[in-house]
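Residue strings, one per chain:
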Amino acid sequence: MVRARSEERRGDIVRAAVEVIAERGYRGASLHAVAERVGLTQQGLLHYFPTKEALLVAVLEERDRWDTGGGSRASAGTWRLDLLASLVDYNAMRPGIVQTFSALLGESVTDGHPAREFFTERYAQVRGEMAAVLRAEFGDRLPSGLTPEQAAPLLTAVMDGLQYQWLLSPESVDMPGAFRSFLTLLRGAPEVP
């Protein structure tokens, strides 16, 4: 009972941190603001997350769990191109999570940022997963002649780049539609109107 309540409280804190980071960015988000949002003192929050960095890692891990339906990063065999399109659709329904992830990703490129290692490792893993997805769909060569390993960083860049464009101008950028157009481009087939 106590453990379940503690896990529930940790979940509340992580959700509040997502909101605060989405509003202020990681550097602008304070433990005090997160604590206040869940009705704790900063000292009370530190009982659950001893540092701001520990809370940040929990936020990033939670975001990945949401994307994979639980557990940690999905194994390469569980993704297909049509499922990636569904993930883009899902992201279009949760701008706060996408904004938080994008803000943290952008900030993580600076020296000494606590999420830099997380994103570096995550992108290495994601590129490997995307190469496996492309290999399952196309074999050793895409219709363009690229290998799955050559196209994997491009697929990843399109997914994340569309998120930034959509966040900046959601009324102008149809993120799911643009991603489906990119899949048509990958497949080398004419787009059906």
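Residues numbered from 1 in each chain as written. Predicted model: local features only at pLDDT ≥ 70, side-chain atom pairs only at ≥ 80, totals over all residues. Heavy atoms only, no water.

### Some details on the environment of Ala 58
Then step 1. Turning to its location among the elements, Ala 58 is positioned in helix H4 (residues 52–68).
Then step 2. According to the relative accessible area criterion, Ala 58 is buried, its value standing at 9%.
Then step 3. Remark: the alpha-carbon pair of Ala 58 and Gly 161, spanning 103 residues in sequence, is separated by 24 Å.
Then step 4. The contacts of Ala 58, once residues within four sequence positions are left out, are Val 14, Phe 49 and Arg 65. (Helix = DSSP H or I, 4+ residues; strand = E, 2+ residues; numbered from the N terminus. Buried < 20%, exposed > 50% of the residue type's maximum accessible area, 1.4 Å probe, protein only. Contact = heavy atoms within 4.5 Å.)

### A closer look at the pattern of salt bridges
Then step 1. By the definition in use, this model includes nine salt bridges.
Then step 2. Residue Arg 37 is joined to Glu 19 by a salt bridge in which the shortest nitrogen-to-oxygen separation is 3.2 Å. One end of the pair, Arg 37, is in helix H2 (residues 31–37); the other, Glu 19, is in helix H1 (residues 2–28), with 18 residues separating them in the sequence.
Then step 3. The class of Arg 37 is partly exposed, set by a relative accessible area of 35%.
Then step 4. For Glu 19, a relative accessible area of 40% puts it in the partly exposed group.
Then step 5. Several salt bridges share partner residues, and in doing so they unite Glu 19, Glu 23 and Arg 37 into one network. (Salt bridge = Lys/Arg side-chain N within 4 Å of Asp/Glu carboxyl O.)

### Describing the side chain of Gln 163
Then step 1. Note on placement: Gln 163 falls in helix H8 (residues 148–168).
Then step 2. Polar side-chain contacts of Gln 163 include one of 3.1 Å to the side chain of Asn 91.
Then step 3. With sequence-adjacent residues up to four places away left out, Gln 163 is seen in contact with Arg 63, Asn 91, Val 98, Phe 101, Ser 102 and Met 175. (Polar contact = N/O pair within 3.5 Å; in protein donor to acceptor, adjacent residues only side chain to side chain.)

### Section: helix H7 (residues 116–138)
Then step 1. An ideal rise of 1.5 Å per residue puts 33 Å on 23 residues; H7 measures up with 32 Å between its terminal C-alpha atoms.
Then step 2. Backbone geometry just downstream of H7 places Gly 139 in the positive-phi region, at approximately 85 degrees. (Expected span 1.5 Å × (residues − 1).)

None of the figures reported here should be taken as evidence of function without further support.
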